[in-house]
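Breakdown of the fold
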Amino acid sequence: MANYVYGMDAGIGICFQTSFGTANTASMHWLEPVGESVDLKKAQIERKGMFGVYDAGANQEGMNTVEGDVTIEAKALPLGAVLSAVMNRTTVTSSGVYTHTFKPRTTDWDDYSAERPFTYHKHLGDAGSAHLYSDLNGNTLELNIANGELLTAKLGVTGGTYSQVAEVAASYPTGDALAWNISSASLNGSGRDTFRSLTVTLNNNLEAKHVLRSSKYPIRVRRGGMRSVEVSGTILFASQTDMQTFISQTEQRFFLTLKSATEIQSGYFESLTIDIPSLRFTEFPVAVGGPGELEIGFKAAGKYNTGSATALAVTLVNSKAGY
């Protein structure tokens with residue numbers, strides 16, 4: 001009898017490595033994915049030599065890489081692991097309340113890995129082995145929140161070595177996902193209640209590098225272009241303030257804070273704060289799409305701010321000491 005597999009049976013976790021080239025499953029951070037596509041890719045080399053027939057030549061195996069993404073509803077505990085995969089982290093603690101600050105790296109992790117390398121465990125809930133993808137880097141991060149919804153975080157990965165191992169038993173974190181209804185946003189120090197949806201995207205622009213050696217897997221993950229921070233969303237057209245800011249191309253500070261109903265201890269709650277010190281609107285189309293209230297589908301870019309020495313800072317408060 002066939003053993004059909006459900007997606008809801010899958011076990012997905014990530015574990016940070018001490019070095020590039022050494023997989024690790026000793027301290028897994030378990031995720032509860034909405035969906036994922038992390039997988040082994042095998043490039044095909046097609047022989048070009050002509051050998052007396054009209055058909056294409058035989059294939060040989062080419063470069064092996066691991067790519068894809070995983071999306072979660074963002075609980076404060078696993079969100080720290082996702083953020084650690086794409087940015088550098090510092091921690092401040094006070095009586096069991098941990099404040100983690102994440103900023104894009106100013107130097108590479110080491111000569112082999114631009115970001116902190118990690119191992120990705122995927123077991124499909126069947127009787128077979130688990131799939132283990134190691135030497136990965138966090139390439140992109142997308143934080144997405146809309147009214148009436150939960151915050152989602154999508155981590156895009158690249159790099160990779162593949163193996164099959166015995167399943168590691170999952171242990172899932174507690175707590176509620178961060179939601180739209182306990183939030184606040186501000187632009188240039190002024191509180192705003194007109195945002196309908198927001199997406200913040202960090203792109204590290206990483207590339208897996210293959211070299212001449214006795215392996216088809218990449219030996220390094222390096223930067224292939226400039227890092228970028230992008231913001232998009234919809235905003236109610238309550239006044240011409242933001243349109244005038246777009247016209248003048250003025251840069252302004254943007255804050256977004258989301259809080260959970262999960263209390264760490266008396267008076268302290270899980271929270272996430274996104275700080276972009278220099279935000280510039282790049283698209284602000286004022287269009288009348290119908291008789292209802294006008295909404296603007298805007299785009300903006302977060303630029304490096306010399307005073308803050310960063311283009312993005314993310315602060316996460318939870319009960320976990322480290323990642």
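Treat the numbers as computed from the prediction; the structure is a model and nothing was measured.

Some remarks on the overall build of the chain
The secondary structure content of the chain amounts to two helices and 20 strands. Seen along its three principal axes, the alpha-carbon backbone of the chain occupies a region of about 70 × 55 × 45 Å. Across the 323 residues in the chain, those meeting the buried criterion constitute 42%. Here the contacts in the chain between residues at least 6 apart in sequence split such that 70% fall between residues at least 24 apart. Element-wise, carbon and sulfur atoms account for 49% of the exposed surface of the chain, whose accessible area totals about 16,300 Å². When the 26 basic and 31 acidic side-chain charges of the chain are each reduced to a single mean position, those positions are 7 Å apart.

A closer look at the environment of Met63
Positionally, Met63 belongs in strand S5 (residues 59-73). Sequence-distant contacts of Met63, defined by excluding residues within four places in its chain, comprise Lys41, Lys42, Ala43, His210 and Lys216.

A short note on the side chain of Arg105
Relative to the elements of secondary structure, Arg105 occurs in the loop between strand S7 (97-103) and strand S8 (118-123). Separated by 3.4 Å, the side chains of Arg105 and Asn88 make a polar contact. Those residues in contact with Arg105 that sit more than four places away from it in its chain are Met87, Asn88, Ala114, Glu115, Arg116, Arg223 and Arg227.

Scoring rules and cut-offs
- Residues numbered from 1 in each chain as written.
- Predicted model: local features only at pLDDT ≥ 70, side-chain atom pairs only at ≥ 80, totals over all residues.
- Heavy atoms only, no water.
- Helix = DSSP H or I, 4+ residues; strand = E, 2+ residues; numbered from the N terminus.
- Buried < 20%, exposed > 50% of the residue type's maximum accessible area, 1.4 Å probe, protein only.
- Contact = heavy atoms within 4.5 Å.
- Areas by Shrake-Rupley, 256 points an atom, 1.4 Å probe, with all protein chains shown as cover.
- Lys, Arg positive; Asp, Glu negative; His and termini not counted.
- Charge placed at Lys NZ, Arg CZ, Asp CG, Glu CD.
- Polar contact = N/O pair within 3.5 Å; in protein donor to acceptor, adjacent residues only side chain to side chain.

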